[in-house]
Amino acid sequence: MQNLKNKKILFIICGGISAYKSLETIRLFKKENADIKTILTKSAKEFVTPLSIASLSQGRVYDDLFSIENETEMDHIALSRWADVIIVVPATANTISKLCSGSSEDLASSVVLASNKQIFLVPAMNVRMWEHKSTKENLKKLKNFGYKLIGPKIGDMACGEYGMGKMSDPTEILNEIKSFLNIISINKKMRALVTAGPTHEYIDSVRYISNKSSGKQGFELAKSLSKRGFNTTLISGPSNLEIDKEINLIKVETAEEMFKATQESLPVDIAIFSAAVADFKMINKKNDKIKKKNILNLSLEKNIDILNYVSNHNSMRPNLVVGFAAETKNLDKNAQIKLINKNCDWIIANDVSKKDRGFESDYNEVTIHYKNNLKNKEKISFRKKSEIAEEIVDKIVTHIN
Ligand code: PMT
């Protein structure tokens, strides 16, 4: 990447002795022509002044208080949407703890909580604080939320002690962000498609065959792809979930509609099939409500397999086709059979026999199987579906880049 022209960087400066280094960081970003806005937390103002930040960044500096002036000019949601990337520098132990609990008590934490962009934390703290179990656990949680860390490193600290917790140098921060934005620029040229949720296969005008899929896993995947810059289309069966405006959401009801919407969305570079498409549909759907009878015989036929169609589409096969396998037993074996039979590149197996994961739950546990290396399966242990999605998309980004 040449420089950071047209890139919008939101710095959140927190109160720590290393806050002075944020000045040099901002200077370097400005030298690369970045468009900069800054939020100063209340305690950051004890270490650096709004005036010095404004002079170096040539951009707006927000007080860490909700004010009518701030909210009218650009409210906290708009500010979080404005940024291409948010950098919390220095990320103190206190800030890390606040972000971990989902606090929104001030402008900085509200913007982070409301953000759909990548958040980078640049930790800086005393070695004992860094090594404290609570900091370690908080960071683990934040990493699982998808936050990225730059540093810290080992060295002499401003407090006179030596060890891990020293803030990364401004050039390291700049390089890390530049390479991240570079990947985003590459991803922006690519299209991703996700199917999600259940389908409804009508028996008559009021009854249907379906399953318990909520769409959560697929929606999280679409969000993660969009956050990494992919031009993302989400085709969803009936679901109550909402999605960011940046994602092209196509709502469908039946497998046939999902198939048609998928066909119309091709070509794409990456396709992920997380929808729980009903396997069968009525041969003759009744237009009126069927009257109650003691026995009702339904004649069903197989629905088209959307994944199978796409992964065998000669001219428009995406570069990466990822299927899901919902299994109740012999997870790995059955998933690998689907991987081969459906000709996908990866298949993601999840156990849907337990209540705490799979269908409906906010949590999941998955194993990724790769067509070109069946022995090399990778497990993503039990965690939130949002975190599972982040990990899957991380692997996709590494794979395609
Ligand atoms: O929606 P949630 O509540 O968050 O739950 C998530 C989930 C459990 C639904 C999801 O993680 C999942 O496993 N999705 C796939 C469910 C499924 O139908 O699996 P399957 O083994 O029957 O199908 C295998 C693959 O073929 C899937 O990628 C499926 O989308 C695809 N398929 C299946 C049938 C069909 N007619 N067309 C398809 O594209």
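Rules of the game
Residues numbered from 1 in each chain as written. Predicted model: local features only at pLDDT ≥ 70, side-chain atom pairs only at ≥ 80, totals over all residues. Heavy atoms only, no water. Pairing = 2+ DSSP bridges. Helix = DSSP H or I, 4+ residues; strand = E, 2+ residues; numbered from the N terminus. Axes fitted to C-alpha atoms, helices over the stretch in contact; angles between N-to-C directions. Expected span 1.5 Å × (residues − 1). Buried < 20%, exposed > 50% of the residue type's maximum accessible area, 1.4 Å probe, protein only. 1 Å grid on protein atoms, 1.4 Å probe; cavity = no way out; pocket = protein on both sides within 12 Å on 5 of 7 lines; lining within 4 Å. Points joined across faces, edges and corners; volume = space filled by probe spheres on them. Nonpolar A, V, L, I, M, F, W, Y, C, P; charged D, E, K, R; others polar. Polar contact = N/O pair within 3.5 Å; in protein donor to acceptor, adjacent residues only side chain to side chain. Contact = heavy atoms within 4.5 Å. Domains from an automatic or database assignment. Buried area = accessible area lost by both parts, 1.4 Å probe. Salt bridge = Lys/Arg side-chain N within 4 Å of Asp/Glu carboxyl O.

**With respect to the sheet that holds strand β14 (residues 270–273)**
Strand pairing in a sheet takes place through backbone hydrogen bonds and is either antiparallel or parallel in direction. Spatial ordering of the open sheet is given by β13-β12-β9-β14-β17-β18-β19-β20, a layout of eight strands whose pairing is mixed. If you trace the sheet from one side to the other, it starts and ends with β13 (248–251) and β20 (373–384), each paired once. On average, each strand axis in the sheet is tilted by 15° relative to the strand beside it, whichever way the strands run. One ladder, built from four bridges, connects strand β9 (residues 191–196) with β14; its direction is parallel. Along β14, the bridge assignment pairs Leu193 with Ala271.

**Things to note about the sheet that holds strand β3 (residues 61–63)**
Read from one edge to the other, the open sheet built from six strands follows the order β3-β2-β1-β4-β5-β6, with strand pairing classed as parallel. Edge positions in the open sheet fall to β3 and β6 (148–149), since each of these has one partner strand only. Strand direction decides the pairing type here: strand β1 (residues 8–13) and strand β2 (residues 35–40), joined by six bridges, are parallel. If you follow Lys8 over to β2, its bridge partner there is Asp35.

**Describing helix α9 (residues 170–188)**
The terminal C-alpha atoms of α9, which comprises 19 residues, lie 27 Å apart, in line with the 27 Å expected from a rise of 1.5 Å per residue. Residues of α9 that are buried: Pro170, Ile173, Leu174, Ile177, Lys178, Phe180, Leu181, Ile184 and Asn187.

**Here we look at empty space enclosed by the protein**
Following the criterion strictly, the structure yields one cavity of 30 Å³ or more and no others. There is about 30 Å³ of room inside the largest cavity. Every residue along the wall of the largest cavity is listed here: Lys98, Leu99, Gly102, Ser103, Ser109, Val112, Leu113 and Tyr147. Those elements that place two or more of their residues in the lining of the largest cavity are α5 (93–100) and α6 (107–114). Broken down by element, the residue count for the lining of the largest cavity peaks at three residues, all from α6. Classifying every residue of the lining of the largest cavity gives four nonpolar, three polar and one charged.

**Overview of the side chain of Asp351**
Mapped onto the elements of the fold, Asp351 is located in strand β18 (residues 346–351). Asp351 gets classed as buried once you look at its relative accessible area, which sits at 15%. Polar side-chain contacts of Asp351 include one of 2.7 Å to the side chain of Ser353. If sequence neighbours within four positions are ignored, Asp351 has contacts with Glu327, Thr328, Leu331, Arg357, Gly358 and Glu365.

**Side note on the domain arrangement of the protein**
Taken as a whole, the protein is organised into domain 1 (8–186) and domain 2 (188–400). Here the C-alpha centre of domain 2 lies 36 Å away from the C-alpha centre of domain 1. Taken together, the twelve residues of domain 1 in the interface contact 13 residues of domain 2. When the buried area of domain 1 at its contact with domain 2 is split by residue, Asn116, Asn144 and Ile184 rank highest and sum to 42% of it. Applying the counting rule to domain 1 against domain 2 returns one salt bridge. Its salt-bridge partner being Lys148, residue Asp394 comes within 3.8 Å of it at the nearest N-O pair. Across the contact surface, domain 1 and domain 2 share five residue pairs in polar contact (both at pLDDT 80 or more). Counting residues per element, the ones that place at least two in the side of domain 1 that touches domain 2 are α8 (133–145) and α9.

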